[in-house]
Amino acid sequence: MGDSHANVLLIEDNPGDVLLLRASLDEVGGDPFTVIHVDHLAAGLRRLAEDGIDVVLQDLTLPDGNGLEILRTLRRQAATVPIVVLTGRDDEALALQAVQEGAQDYLVKGSMNGHALARCIRYAIERERLRTELEEARDQALEAARLKSEFLANISHELRTPLTAILGFSSLLRRNHHGTCDVRQLNHLERIHQNGQHLLAMINDLLDLSKIEAGKVSISPEQVHPGAVIAQVVDTLLPLAANQDIDLEEIVADGLPTFHSDPIRLHQILLNLGSNAIKFTHHGGVILEARQEGDTMVFQVSDTGIGIPAEALETIFDEFRQVDGSMTREYSGTGLGLSVSRQLARLLGGDIEVLSREGEGSTFTLRLPLAGAKPTAATPAAQRLQVPV
Ligand code: ADP
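Residues numbered from 1 in each chain as written. Predicted model: local features only at pLDDT ≥ 70, side-chain atom pairs only at ≥ 80, totals over all residues. Heavy atoms only, no water.

> Summarise the site of the ligand; cite the residues concerned and give the values.
In the vicinity of the ligand lie 20 residues, with N276, K279, D303, Q322 and L338 positioned nearest. Between an oxygen atom of the ligand and a side-chain N or O atom of K279, the distance comes to 2.9 Å. One of the backbone nitrogen or oxygen atoms of G337 is found 3.2 Å away from an oxygen atom of the ligand. When residues of the shell around the ligand are traced back to their parent elements, those giving at least two are helix 8 (263–279), helix 9 (337–347) and strand 14 (361–369). Among the elements that take part in the shell around the ligand, helix 8 stands out by supplying three residues, more than any other. Residue composition of the shell around the ligand, grouped by class: nine nonpolar, eight polar and three charged. (Near = heavy atom within 4 Å. Polar contact = N/O pair within 3.5 Å; in protein donor to acceptor, adjacent residues only side chain to side chain. Helix = DSSP H or I, 4+ residues; strand = E, 2+ residues; numbered from the N terminus. Nonpolar A, V, L, I, M, F, W, Y, C, P; charged D, E, K, R; others polar.)

> So, a negative patch on the surface: which residues are in play, and what are the values?
On the surface, D235, D245, D247, E249 and E250 cluster together to form a negatively charged patch. The element best represented in the negative patch is strand 9 (residues 247–252), accounting for three residues. The residue E249 is located in strand 9 in this model. (Patch = residues over 30% accessible without salt bridge, like charges linked within 9 Å, V, L, I, M, F, W, Y side chains within 5 Å. Areas by Shrake-Rupley, 256 points an atom, 1.4 Å probe, with all protein chains shown as cover. Salt bridge = Lys/Arg side-chain N within 4 Å of Asp/Glu carboxyl O. Lys, Arg positive; Asp, Glu negative; His and termini not counted. Charge placed at Lys NZ, Arg CZ, Asp CG, Glu CD.)

> Describe the nonpolar core, listing the residues and the values that go with them.
By size, the foremost hydrophobic cluster in this structure holds 46 residues, and its most contacted members are L266, L270, L288, F299, F364 and L366. Counting only elements with at least two residues in this core, the list comes to helix 6 (183–213), helix 7 (226–244), helix 8, strand 11 (285–293), strand 12 (296–303), helix 9, strand 13 (351–357) and strand 14. Grouped together as the second largest cluster of nonpolar side chains are 21 residues, L68, L71, A78 and V85 included. (Core = buried A, V, L, I, M, F, W, Y, C linked by side-chain atoms within 4.5 Å. Buried < 20%, exposed > 50% of the residue type's maximum accessible area, 1.4 Å probe, protein only.)

> Report on the pairing of strand 3 (residues 55–59), specifying residues and quantitative values.
Counting buried positions along strand 3 yields five of five residues, so the element is predominantly enclosed. Alternating positions in strand 3 separate into two faces, V55, L57 and D59 on one and V56 and Q58 on the other, with burial throughout. Pairing between strand 1 (residues 6–11) and strand 3: four bridges, direction parallel. Across the sheet, the residue bridging to I11 is Q58, located in strand 3. Sheet topology note: the strand 3/strand 6 (residues 83–87) ladder contains four bridges and is parallel. In the sheet register, D59 faces strand 6, and the bridge partner there is L86. (Pairing = 2+ DSSP bridges.)

> Which residues make up the sheet that holds strand 12, and what values do they have?
Read across the sheet, five strands follow the order 9-11-12-14-13 without closing on themselves; strand pairing throughout is mixed. Unpaired on one side and paired on the other, strand 9 and strand 13 mark the two borders of the sheet. Strand-to-strand, the axes of this sheet are offset by a mean angle of 15°, without reference to chain direction. In this structure, strand 11 lies alongside strand 12, joined through eight bridges in antiparallel fashion. (Axes fitted to C-alpha atoms, helices over the stretch in contact; angles between N-to-C directions.)

> Give a description of the packing of helix 6 against helix 9 that names residues and reports values.
Close contact between helix 6 and helix 9 brings their axes to 10 Å; oriented N to C, the two are set at 40°. The angle between the axes of helix 6 and helix 9 places the two elements in the oblique class. The element helix 6 and its partner helix 9 pack so that their crossing is left-handed. In this structure, helix 6 contributes D205, D208, L209 and I212 to the contact, and helix 9 contributes G337, S339, V340, Q343 and L344. In terms of residue class, the contact of helix 6 with helix 9 is built from four nonpolar, three polar and two charged. (Parallel < 35°, antiparallel > 145°, perpendicular 65-115°, else oblique. Left-handed = near helix turned anticlockwise from the far one by under 90°. Contact = heavy atoms within 4.5 Å.)

> Go over the pairing of strand 2 (residues 33–38), please, and point to the residues and values.
Summarising the sheet, strand 1 and strand 2 pair through six bridges and their orientation is parallel. Residue I11 lies in a different strand from strand 2, and its bridge partner there is V38.

> Describe the sheet that holds strand 7 (residues 105–108), with residues and values.
The strands that make up a sheet pair up through hydrogen bonds in the backbone, lying either parallel or antiparallel. Spatial ordering of the open sheet is given by 2-1-3-6-7, a layout of five strands whose pairing is parallel. Each edge of the sheet is formed by a strand with only one pairing partner; in this case those strands are strand 2 and strand 7. Adjacent strand axes in the sheet meet at a mean angle of 25° when their direction is disregarded. Most of the contacts of helix 1 (residues 15–28) go to strand 2, to which it runs at about 175°, and overall it touches strand 1, strand 2, strand 3 and strand 6. Where helix 3 (residues 67–77) meets the sheet, its contacts fall on strand 1, strand 3 and strand 6, and the angle it forms with strand 3 comes to roughly 160°.

> Summarise the pattern of salt bridges; cite the residues concerned and give the values.
What the rule picks out here adds up to 23 salt bridges. In this structure, E293 engages R291 in a salt bridge whose closest nitrogen and oxygen atoms are separated by 2.9 Å. The salt bridge involving D351 is made with R342; its shortest N-O contact spans 3.3 Å. In this structure R342 comes out as buried when scored by relative accessible area, which is 11%.

> Tell me what's going on with the side chain of D17, and back it up with residues and numbers.
For D17, the location among the structural elements is in helix 1. Apart from the residues lying within four places of it in its own chain, the contact partners of D17 are E12 and K109.

> So what's going on with the packing of aromatic side chains? Which residues, and what values?
Overall, the coordinates contain two aromatic pairs when judged by the stated rule. Ring geometry for F259 against F299: centres 6.2 Å apart, planes inclined by 40°, an arrangement best described as tilted. You can see F259 sitting in strand 10 (residues 259–261) and its partner F299 sitting in strand 12, a full 40 residues away along the chain. The pair F259 / F299 is uniform in exposure class, with both members buried. Their ring planes at 65° and their centres at 6.3 Å tell us that F317 and F364 sit as a pair that is edge-to-face. (Phe/Tyr/Trp six-rings, centres within 6.5 Å; stacked < 30°, edge-to-face > 60°.)

> Please give an account of the environment of R346 that cites residues and values.
Of note, R346 is situated in helix 9. Considered as a pair, R346 and R367 are 21 residues apart in the sequence and their alpha carbons are 9.6 Å apart.

Just geometry here; none of it tells us what the structure is for.
See below:
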């Protein structure tokens, strides 16, 4: 905190208190403050309008104003000038209320020596400066988040359009070759199609993320049978597991009830967890499980794969985070699947947790309330980022 000169606007109608304050500040020496004194709120407001005031010392009773109203009026006029409230010994409660309403501090009249008073004034100025800086940084972060979401939404939309054409034409060629393609060419077509599908899945993740951030994902709950969703997901994952030569098993507890949730979102989450489990497993297998625990429907995806280091267990749920994010990494992916899945799980009224041991495997657990998801939209990033300063 610098010791530069500060202009103090003192709004006080009691001449005795004014003299005492001036005398206390004189004790400090070195002339660090210029005290500009007025005895009415209206005069204080006029002086504030002229700029150049670094801090206001304000009495809580004035001839033309009373209590917190004075503070509110001052803050409306000069929101970034720090205010220190002057109070008598018996109204500290009111002074505390003033601090809650935005005053930087309060001083009990007659109880401070000059040095303590000077320190209080300096701290008030410094705190206000930091508060303004924080507010600016928060606004910048919110704007950056908004721009990022907008960019993600636009870019994923732009990428999907040509990719859909590539996928459409490659399927057409695969179906209608009529002997015009030899085996090698068909193999190439198959690869174009597979890679296109993979790219589309990644772009869809990006699009989902941008929709979640913009609060545009809505939930459409209906009666869902957990066993049916698991069976569908396993069906989709079987070729992937066969390709990696690992076992894929489903365990669905007997007599599970249907519950109220969004089957499409649930399918998406389990597919994400399941394909990760297969991707990161070289030996052994993956199990998809559904069971009921009290009033919660529990879905579990466990694998005997590479596991996750303890220090990465929380960060893997952050956007774009991967345990190995280097350019030379062994596993492909965008680092969005878990982030999207967790946010969807929360929209469904539940959450995802992970337990893992490096080299032994991982278990992702999705818990959803049996009572069901409410048809809601996501909270926009702008609101999630809103931090009080
Ligand atoms: P992606 O799989 O596209 O990289 P995700 O958000 O789905 O992105 O996962 C983030 C990271 O979490 C992965 O890159 C990987 O490091 C780790 N991870 C996720 N699931 C598993 C798993 N079953 N076993 C080991 N690591 C995993």
